[in-house]
Every structure is written in C-alpha cells, then in structure tokens.
Amino acid sequence: MKHVQDFTVKHYSRLNADSYVLTLSSDTGVEEVNPGNFAEIKIPDASDVFLRRPISILDVNHDENTISFFIKAIGKGTKKIGTLAIGSKLNLVYPLGNSFSIIRQKNILIVGGGSGIAPFIMLASRLKNENTSVTFLIGARSKADVLLTSEFAKYGDVLVTTEDGSMGEKGLVTDHSVFTDPTTFDFIYTCGPDPMMKAIAKIANDKNIECEASLENMMACGIGACLCCVTPTVSGNSCVCTDGPVFNTKELQW
Amino acid sequence: MVNLGVNIGNYRLKNPVTTASGTFGYGTEFSDFIDLSRLGGIFVKGLTLKNREGNDYPRMAETASGMLNAVGLQNKGIDHFIETIYPTIKDLGTEIIPNINGSIVEEYIEVAEKLNEVDGINVLELNISCPNVKEGGMAFGVSCPSAIAVTEAIRNVFKGTLIVKLSPNVTDITEIAKGVEGAGADAVSLVNTFLGMAIDVHSKKPILSTVTGGLSGPAIKPIALRMVWQVYNAVSIPVIGLGGIMNATDAIEFMLAGASAIQVGTANFIDPQVSIKILDGITDYCEKNGITNVSELTGGLIL
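As the structure is a prediction and not an experimental result, all values here were calculated from the model. (Residues numbered from 1 in each chain as written. Chains lettered and ligands numbered in written order. Predicted model: local features only at pLDDT ≥ 70, side-chain atom pairs only at ≥ 80, totals over all residues.)

### Considering the overall build of chain B
Regarding its fold elements, chain B presents eight helices and 17 strands. Against the compact-globule benchmark of 19 Å for 303 residues, chain B has a radius of gyration of 18 Å, which places it among compact chains. Principal axes of the C-alpha set define a box for chain B whose edges measure 55 × 50 × 40 Å. Among the 303 residues that make up chain B, the fraction classed as buried is 56%. (Helix = DSSP H or I, 4+ residues; strand = E, 2+ residues; numbered from the N terminus. Rg over C-alpha atoms; globule rule 2.2 N^0.38 Å. Buried ≥ 20, exposed ≤ 12 C-beta atoms within 10 Å, placed from the backbone.)

Structure below.
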C-alpha cells in the first residue's frame, strides 16, 4: 500500500563530486519495497522547487527501519536533497510504480548508466535467491563515475565501459565486447539515459532476448493522476509512474 | 458542530471541498491515502466522446510556485467511462462529477446525452476552458456567443445540475459568466489554467511539446481569487472557486471572496492527503469563529 510518511535524514555517503547515497530512518517502520519501485520526495524549504522528485529506491533495511537512495545531484531538487542536516525531516510518498520481473534459472545481463544503476542492487539480491547468473555492465563517462561496484560484485561479474577509457573498455556500453554474442543472455534489464536504453533494447529485440527497461520521465504526481509522465506504448500513452517505470521493451514505441 | 453542506444550484454537496478535474484521476488513485467518502465531490478527469491519446511528452514543466501542463485531455472516451470506470467509483460515497469536453458542440451534446442516462450522475461540469487542445476546448470559453451556445445546447439535454468551467484567458470573465448564467448554467467554476510557456535556454526549445500550456498552482492564486470575487458580484448563481489552493486558509479566502465550494487541484500532486486537511482546516476555522453553517463564509468579505 502506498503511504505518505515522514523520515529522518540519518546518513549521507558521498561517492564522488555529485553522487551520494542518502539513508533515511523511521521509527514507524518501512513499507515492503520491490526492485524498481520509487519514492516521491518532497523537497523541504525550497521555494523554487514546487514538485516532489521521483527517486528510485536503492534499498530498504527492515531491521534498522531505513530506506536509501542513490542520487545524482543534477538539478535544483536533487542538489537540495543532498544538503539537508542529519536529523532533519523528509516526507516521502512511496512505494510507487511497478517493479522488475524476477526471472528464474537464467543468464541475466544488467546494464546501467548514470543514476540508472540505483534499482539493480536490490534486484540482484532478489535474483540471487532464484539461482540466476548475473553479469553487470556499467557505463560511465570516466572512472570517477563508476560507483557502487563493490556492491554489485557481491552478486555477479562486473563489466565496465568508460567514454574516456579510464576504466574497463573504452566507449559506450553498447560497444562492449560482451555484445559480440548477446545470445549468451536470456534476459536483459536496463536503466539509464534514454539513448542508452533504446540502444540496449534494439540489441535485445534484434536477438529476440527479453528486455525490461526502467524509464525516468519527468513526473508531477507519481500516482497516475496528472498524466504528465506518459510514454508511447503499443497500447497508447502509458503513465511511467503507474504502468511503469519498468516496461518490457517490446511494449515501448521506441 | 458545523453544518458543512453547501448548495450548488438545487443540488446539495455534503461539504464545500471537492477535487479539480485533471488533478485527481478518477478518485481511486488516492484511495490509499484518504477516505474518499469525506470529500464533497470529485470532478473526474476530462471526458470526450472518443478515445484521446493527448499530447506528446513532455507535457509538464515546473515553474516558480506552480507548473505548466499540456496533457491534452487524454482519456478513453465517454463509453469506456460509463461502462468500465463509473461502476468502480459510483459507490465511493462522494459525488462523482464528470467534466465534459468537445471539439464541436455536437460532441459535447452527445457526451452529455449519454451521461444524462446514467443513474447516479447528478451534476456535470461543462469544460469550455481547456487550453491544451487544438480544436474546441478553450475556444468555446473565450468568446461570449460560443460560450452561450454550448451552454444552451447542454442545458437542453442534461437535466441535472450544470456547472460551467470558465477560462481566465479572457478580457472580462464577468461577461462570460453572465452569458452562461443567462444560457441556463446552475453554477460556474473558475478558474481553469492560465495559458503560459517555458523555454529551455540551453536547447533554445520550448519545454512543452505543445509550446504553450496551462499554468496552475499557487502562482495563479491571487488572480483566480480576484476573478472569483468579480464573478460573485456579477452573477446570482453559485461560484465554485479554484486556482492554486494549497491549504485551508487559501480555501477560506476563496469562500470569503464569494465561492460556495472550492476545488483542490495541483496541490493534490504534492500532498495526496491535502484535500482532507483542507476540509478539516475549514471545519476548525468555523468552530473557532463560531460559524455554524459553512455557507456563511460565502461572500463574507468585509470591505
């Protein structure tokens, strides 16, 4: 069930110049969350930020009553969320949206770029319970932007591409040698910038590999009321917030 | 105990707090967050005769103290509403008020005729003020003759309470209000969104796919409030006030300016529980000020 809930800022973990993991706690517990779900975060004391910000949920810890987010500070809202005092209040509407399918007994490729890697640690931890074999492919501009790899390494092999060649193979994720024969994979999950996801979806669709992508359209309400965040699908314009954010790429009009 | 009932024409809403069309879906989107039966009414997402996919993404731009939208009346058409959606919301315990739209008068008429046959639909909101469609919509609401013509046409086919939703994108909103009053409207609701735009200076392109869109949120509240006050003084039918209401104080301002009821719109996007908080806040205000009937607030402005 969707909730409006106040949390307390517990901890920031600064990962590089503009990315951080924010951990929030609540005395009243944390709702059940599935990989791909997001929260609408109200930005406190920011008169120039009117709407909530939809942010993918990194993880929840029910023993410690915490919820965490991997955030790249690129706009007014995400910058503001990164500067709150420890102990201050933050209001969430969550958990929102659908979640990734949990696939059994398959070879899985997970492709993430930028802040799009956020849902994949929780996803991989769920997939591990299903005895799947997971390979991660992380795309970034340079080595300083390749983040959380030690977390990913707990669940599978981690491959990297950087645009400047400072880590892993040089180029875009779609240039990686793992795609010489993508048919070794039965299922691909992807989240990141639209051009990256479209390129991955094309590879998957060409080779008839099932593929799910998590979209990041601009949103207002996050609960299917305003119809602002739509993406064209085979069944018409669909709300990314409620019909998604996760879509089978065959459904998308890309 | 405060008596919260308000009259809109000859129909009585259980309280003055309703939710604005296009900001509250069909109501059930909010059922995890609030007890919908406490609302005075739900103005559901705008309906058209046929399925509409709406405008292309991007349809939304955040602005200072507000937002622009250009959704373009996305909905699956009146038959889908009557057959599939209405049965799931008719027993929510609040007044379900359809908001109807058309490109030409004949489309409005056909939609209204269909709704007139639906058991339980007592009130209709005629939208002549949508700024985000190429044909019809706001075009009806910015000229007096066309506003009168479409209102008369719907008055002839819909037997229940008819509310006409007015556009603020006019030189003198009181002229349009008086026109639709003369054409048989039981009430007017105002205001719909203000036509606006936003530009991405890096790409030098408009942010909205449609270039222009409708501005809503607290940025428009003072102008909406002024228009409600002007219309209240110009007509003798009830006025339903909306435009940037974020809290109970805003809502009470609209009632003092002349609104018999209010619609909560964009605020629902930021706090899905805000409509009930506003209802509680109005009740609290009445209790503290010794007001026994909430309708006493209407037009209570002291000059």
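Anyway, onward from the coordinates.
### As for the overall build of chain A
Along the backbone of chain A there are four helices and 15 strands. The C-alpha radius of gyration of chain A comes to 18 Å, within 12% of the 18 Å expected for a compact globule of 254 residues. If one aligns the C-alpha atoms of chain A with their principal axes, the spans along those axes are about 50 × 40 × 35 Å. Taken across its 254 residues, chain A has 49% of its residues classed as buried. For chain A, the proportion of contacts with a sequence separation of at least 24, taken over those separated by at least 6, is 59%. (Contact = placed C-beta atoms within 7 Å.)

### A few points about the nonpolar core
Counting 179 residues, the largest nonpolar core has Leu124, Ile163, Val188, Val228, Val231 and Ile262 of chain B as its most contacted members. Here this core takes seven residues from helix α5 (residues 221-234) of chain B, the largest share from any one element. When residues are assigned to domains, this core turns out to be shared by domain 1 (3-96) and domain 2 (107-214) of chain A, each giving three or more. What Ile262 of chain B contacts, discounting residues up to four positions off in sequence, is Pro16, Val17, Ile240, Gly241, Leu242, Ile245, Ala251, Phe254 and Met255 of chain B. (Core = buried A, V, L, I, M, F, W, Y, C linked by C-beta atoms within 7 Å. Domains from an automatic or database assignment.)

### A short note on the interface of chain B and chain A
Listed as interface residues are 26 residues of chain B and, on the opposing side, 23 residues of chain A. When contributions to the side of chain B that touches chain A are tallied by element, the ones reaching two or more residues are β5 (60-63), β6 (66-69) and α7 (267-270) of chain B. Split into classes, the residues belonging to the side of chain B that touches chain A amount to 11 nonpolar, 10 polar and five charged. (Nonpolar A, V, L, I, M, F, W, Y, C, P; charged D, E, K, R; others polar.)

### Remarks on helix α2 (residues 120-128) of chain A
Restricting attention to buried positions, one finds in α2 of chain A the residues Phe120, Ile121, Met122, Leu123, Ala124 and Leu127 of chain A. Lining the buried residues of α2 of chain A we find β4 (53-61), β7 (107-113), β8 (133-140), α3 (149-153), β9 (156-162) and β11 (187-191) of chain A.

### A look at the domain arrangement of chain A
All names here are of chain A. Annotation of chain A at the domain level lists domain 1 (3-96) and domain 2 (107-214). Relative placement of domain 1 and domain 2: their C-alpha centres are 24 Å apart. With 11 residues of domain 1 at the contact, the number on the domain 2 side is 14 residues.

### Let's talk about the environment of Glu107 of chain B
All names here are of chain B. Following the sequence through the fold, Glu107 ends up in helix α2 (residues 105-116). With 18 C-beta atoms packed within 10 Å, Glu107 lands in the partly exposed category. For the pair Glu107 and Leu49, spaced 58 residues apart in sequence, the C-alpha to C-alpha distance is 6.1 Å. Glu107 has contacts with Thr48, Leu49 and Gly102, leaving out every residue within four places of it along the chain.

### Observations regarding the environment of Phe120 of chain A
All names here are of chain A. Inspection of the secondary structure assignment puts Phe120 in helix α2. Between the alpha carbons of Phe120 and Pro35 there is a distance of 7.2 Å; along the sequence they are 85 residues apart. If we ignore the near neighbours within four places in the chain, the residues touching Phe120 are Ile110 and Gly112.

### Describing the confidence of the model for chain B
Looking at chain B, the pLDDT average stands at 96 and 100% of residues meet or exceed 70. Both scores are given for the predicted complex: the pTM is 0.96, the ipTM 0.95. (pLDDT = per-residue confidence, 0-100.)

### Here we look at the pairing of β6 of chain B
All names here are of chain B. With burial as the criterion, each face of β6 is covered, one bearing Gly66 and Leu68 and the other bearing Met67 and Asn69. Pairing of β5 with β6 involves four bridges; the strand directions are antiparallel. Within β6, the residue paired with Met60 across the bridge is Asn69. Hairpin connection from β5 to β6: two residues lie between these consecutive antiparallel strands, with Ser65 at a positive phi of about 50°. For β6 and strand β15 (residues 212-216), the ladder comprises three bridges, and the chain directions are antiparallel. When the sheet's bridge partners are listed, Met67 is paired in β15 with Ser216. (Pairing = 2+ DSSP bridges.)

### A look at the sheet that holds strand β6 (residues 89-96) of chain A
Here we have six strands rolled up into a closed barrel, ordered β1-β2-β5-β4-β3-β6 (chain A), and antiparallel in their pairing. Averaged over all adjacent pairs, the angle separating strand axes in this sheet is 45°, with direction ignored. (Axes fitted to C-alpha atoms, helices over the stretch in contact; angles between N-to-C directions.)

### Describing the sheet that holds strand β12 (residues 210-214) of chain A
All names here are of chain A. Pairing in this open sheet of seven strands is mixed, and the strands run β10-β9-β8-β7-β11-β12-β15 from one edge to the other. Single-partner strands in this sheet number two, and they are β10 (169-170) and β15 (246-248). Those strands touched by helix α4 (residues 194-206) are β7, β8, β11 and β12, and its axis lies near 170° from that of β12.

### A look at the packing of α5 of chain B against helix α6 (residues 248-257) of chain B
All names here are of chain B. Their axes nearest at 8 Å, the elements α5 and α6 cross at an angle of 25°. Here α5 lies roughly parallel to α6, going by the angle between them. Counting all contacts with α5, which are made through Lys221, Leu225, Val228, Trp229 and Tyr232, the residues of α6 involved are Asp250, Glu253, Phe254 and Ala257. Across the contact of α5 with α6, the residue classes tally to six nonpolar, no polar and three charged. (Parallel < 35°, antiparallel > 145°, perpendicular 65-115°, else oblique.)

### Details of the pairing of β12 of chain A
All names here are of chain A. Most of β12 sits out of view: four of its five residues are buried. In terms of handedness, the path from β11 via α4 over to β12 forms a crossover that is right-handed. Sheet topology places β12 next to β15; three bridges connect them, and they run antiparallel. Of the residues in β15, the one forming a bridge with Ala213 is Phe247. (Right-handed = clockwise from strand over helix to strand, strands pointing away.)

### Here's the deal with the packing of α6 of chain B against helix α8 (residues 274-288) of chain B
All names here are of chain B. It is at 8 Å that the axes of α6 and α8 come closest, and there the two elements cross at 65°. Crossing handedness for the pair α6 and α8: right-handed. Where α6 abuts α8, its residues Ala248, Ala251 and Ile252 lie against Ile278, Gly281, Ile282 and Tyr285. Counted by class, the contact of α6 with α8 contains six nonpolar, one polar and no charged residues. (Left-handed = near helix turned anticlockwise from the far one by under 90°.)

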